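So the chains spell out like this:
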2 protein chains.
Amino acid sequence: MNPKKQPAREDLIPLWQMLNSFHPIGKGIELHLLKSIYCSSIPKGKYLLRNGEVSDSLYFIRKGLMRGFIKEENKEITTWFAMENEMVSGIRSFLLQVETVENIQAVEDSELFAISYADLNKIYEKYPSFNITGRKITEFHYTSAENRAYITRLHDAERKYALFQEFYPQLVNRVQLTYVASFLGITIETLSRVRAKTSARKKTP
Amino acid sequence: MNPKKQPAREDLIPLWQMLNSFHPIGKGIELHLLKSIYCSSIPKGKYLLRNGEVSDSLYFIRKGLMRGFIKEENKEITTWFAMENEMVSGIRSFLLQVETVENIQAVEDSELFAISYADLNKIYEKYPSFNITGRKITEFHYTSAENRAYITRLHDAERKYALFQEFYPQLVNRVQLTYVASFLGITIETLSRVRAKTSARKKTP
């Protein structure tokens, strides 16, 4: 097995910034993280995680865009997107260390920083204050999941797309429409109709 | 304003058990919680939270059953259920202290223990180890939310109902079918057909 490639300290600046925005992490935790984190890269179209595997690491996206999806028979249902400076994992599988029903795929060439489940829990045990960070990040992702659930639950396609534009402005012109349609739980035809209507409305206020 | 009624220490035994199952809380935190927690009761059909309000407290259900729902025009869409020994709040509203889009209603007469946002955060600040508990509970609820999202995302009604039976065996004969149907995102007619099929299959294996 090749040793895992480790990042340079300065490459991790966006990660330190993200962590410190929740709670100051301090030098000890920073050094411990630096020793534990490894680099990973996923070319466009390739998978970070497949249905049936156990999600062994938590990732921070340095560059790129990923999506989560589940399969129902042969149909893919996109469940979330995550881009640079965001975190990603098969979260239920990672937290409970059980097999996932999810797939995670790179929508663009992506570079990631990763930490294993075992290494993350060593830091939680050694530094109680890192649990403040962990609690706040988990809370933040939980509220994002609630936003996704809200969009999914609605029936009205126009309302769904309006919320997509509100919650994910950076994704509107970045993600394939087939993925957006399945994320919203509507057909590609309905999505095209809604987008045409929305853009016509913008032109004639 | 009437002073809020506080629980007796022994009434909180199920709460201590729940908390200790995640991480030992210790006497200091237990005493601080005892001083902060207040009692609340919600008769069947009444609301704990309404769309547009800010969720000011986090609740532990001592007895009863609650549901969360959102409204789309005049239609109610049930988004979750919670029963005795489980926690409940308009979680996004509570964590971010913003207005909720959710409603929370008592499905049965319910008795609750509550702690305010301000009081909970005082405990997090005073006792760093309580953040371990908070992190683990948030992670647990996040994984439950992922289970709900998974059911919601699927299209096949039989698969949805099979997962409902698997994830929520205690709810199958306890909750009105209209709520179950809207939780699964299917019509009451489809739910009745699926239930008839499921029970016929059980009789003739």
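The rules behind the values
Note on numbering: residues in each chain are counted from 1, in written sequence order. By the order in which they are written, chains take letters starting at A while ligands take numbers starting at 1. Residues qualify for local features only when their pLDDT is at least 70, as the model is predicted, and side-chain atom pairs are given and counted only at 80 or more; totals for whole chains, interfaces and linings, by contrast, use all residues. Hydrogens and water are ignored here; the side-chain numbers use all heavy atoms of the structure. Burial classification: accessible surface area is computed with a 1.4 Å probe over protein chains only, and a residue below 20% of its type maximum counts as buried, one above 50% as exposed, and the rest as partly exposed. Note on conventions: DSSP H or I runs of at least 4 residues are helices, E runs of at least 2 residues are strands, and numbering of each starts at the N terminus. Note on contacts: a residue pair qualifies if any of its non-hydrogen atoms lie within 4.5 Å across the two residues. Domain segmentation is taken from an automatic or database assignment of domains. One speaks of a salt bridge when a side-chain nitrogen belonging to Lys or Arg is within 4 Å of a carboxyl oxygen belonging to Asp or Glu. Polar contact criterion, stated in full: a pair of N or O atoms within 3.5 Å, where within protein one must be able to donate a hydrogen and the other to accept it, and residues adjacent in sequence count only if both atoms are side-chain atoms. To superpose the copies, least squares is applied to the C-alpha atoms of every residue with a pLDDT of at least 70 in both. Pairing of aromatic side chains requires ring centres within 6.5 Å, counting the rings of Phe and Tyr and the six-membered ring of Trp. Pairs whose planes differ by under 30 degrees are stacked, by over 60 edge-to-face, and all others tilted. Charge-over-ring contacts are defined here by two conditions on Lys NZ or Arg CZ: a distance within 6 Å of the ring centre and an angle within 35 degrees of the ring normal. Here the quantity called buried area is the accessible surface, traced with a 1.4 Å probe, that two parts lose on coming together, added over both. By the convention adopted, Pro, Cys, Tyr, Trp, Phe, Met, Ile, Leu, Val and Ala count as nonpolar, Lys, Arg, Asp and Glu as charged, and the other residues, Gly among them, as polar. UniProt positions are given in the numbering used here, feature names are shortened, and annotations may be inferred rather than shown by experiment. Only buried Ala, Val, Leu, Ile, Met, Phe, Trp, Tyr and Cys residues count toward a nonpolar core, and they belong to the same one when joined by side-chain atoms within 4.5 Å.

1. What to know about helix α2 (residues 26-36) of chain A
In step 1: Those residues of α2 of chain A that fall on the buried side of the exposure criterion are I29, E30, H32, L33, L34 and S36 of chain A.
In step 2: Buried residues along α2 of chain A sit in contact with α1 (13-22), β1 (38-42), β8 (110-116), α4 (117-126) and α5 (130-153) of chain A.

2. Details of the domain arrangement of chain A
All names here are of chain A.
In step 1: When its domains are assigned, chain A resolves into domain 1 (9-153) and domain 2 (154-205).
In step 2: The C-alpha-based centres of domain 1 and domain 2 are spaced at 26 Å.
In step 3: Listed as interface residues are 20 residues of domain 1 and, on the opposing side, 18 residues of domain 2.
In step 4: One can count two salt bridges joining domain 1 with domain 2.
In step 5: In this structure, R174 engages E84 in a salt bridge whose closest nitrogen and oxygen atoms are separated by 2.8 Å.
In step 6: At the boundary of domain 1 and domain 2, one finds nine residue pairs in polar contact (both at pLDDT 80 or more).
In step 7: The set of elements that each furnish at least two residues to the side of domain 1 that touches domain 2 consists of β4 (65-72), β5 (75-83) and α5.

3. Looking at the relation of the copies chain A and chain B
In step 1: Note on the identical chains: chain A maps onto chain B by a rotation of 180° and an axial translation of 0.0 Å, with an RMSD of 0.0 Å. Look at the turn and shift together and you get a two-fold axis relating the two. When each C-alpha of chain A is compared by its distance to the rotation axis, R135 of chain A comes out closest, at 2.0 Å.
In step 2: Take the interface residues of chain A: 97% of them recur as interface residues in chain B, which is what a same-surface contact looks like.

4. Notes on the packing of aromatic side chains
In step 1: Scanning all chains against the criterion turns up 23 aromatic pairs over all chains.
In step 2: Through a chain of ring-to-ring contacts, three or more aromatic side chains come together here, namely F81, Y161, F164, F167, Y168 and F183 of chain A.
In step 3: Lying across the ring of Y124 of chain A, R135 of chain B places its NZ or CZ 3.5 Å from the centre.

5. Here we look at the pattern of salt bridges
In step 1: Inspection of the entire model under this criterion finds 24 salt bridges over all chains.
In step 2: A salt bridge links R62 of chain B to D11 of chain B, with the shortest nitrogen-to-oxygen separation between them at 3.3 Å. With R62 of chain B in strand β3 (residues 57-63) and D11 of chain B in the segment before α1 (13-22), this residue pair connects regions lying 51 residues apart in the sequence.
In step 3: On the basis of relative accessible area, R62 of chain B is assigned to the partly exposed category, the value being 34%.
In step 4: Taking the relative accessible area as the measure of exposure, D11 of chain B reaches 26% and is therefore partly exposed.
In step 5: Shared partners join several salt bridges into a network, and the residues in it are R9, K27 and E30 of chain A.

6. Description of the interface of chain A and chain B
In step 1: On the side of chain B, 34 residues touch chain A, which itself brings 35 residues to the contact.
In step 2: Taken over both partners, the interface formed by chain A and chain B buries close to 3600 Å², and the fraction arising from carbon and sulfur atoms is 63%.
In step 3: Of all residues in chain A, the largest losses of buried area upon contact with chain B belong to R135, Y142 and R153 of chain A, amounting jointly to 23% of the total for that side.
In step 4: For E146 of chain A, the salt bridge is made with R148 of chain B, and the minimal N-O distance between the two is 3.8 Å.
In step 5: Scanning the region where chain A abuts chain B turns up 16 residue pairs in polar contact (both at pLDDT 80 or more).
In step 6: Top contributing element to the side of chain A that touches chain B by residue count: α5 of chain A, with 16 residues.
In step 7: Partitioned by chemical class, the residues of the side of chain A that touches chain B number 14 nonpolar, 12 polar and nine charged.

7. Focus: the UniProt feature "domain: Cyclic nucleotide-binding" (unreviewed entry) in chain A
In step 1: On the UniProt side, "domain: Cyclic nucleotide-binding" (unreviewed entry) is annotated at positions that read residues 21-123 of chain A here.
In step 2: Annotation note: span residues 21-123 of chain A, helix share 25%, strand share 44%, distance between end C-alpha atoms 19 Å.

8. Considering the nonpolar core
In step 1: Counting 27 residues, the largest nonpolar core has L15, M18, L19, L33 and F130 of chain A as its most contacted members.
In step 2: For this core, the secondary structure elements donating two or more residues are α1, α2, β3 (57-63), α3 (91-96), β8, α4 and α5 of chain A.
In step 3: Broken down by element, this core gets its largest block of residues, five residues, from α1 of chain A.
In step 4: The contact partners of M18 of chain A, leaving out residues within four places of it in the chain, are F60, N85, M87 and I137 of chain A.
In step 5: Membership of the second largest hydrophobic core comes to 26 residues, among which are W16, L33, F94 and F113 of chain B.

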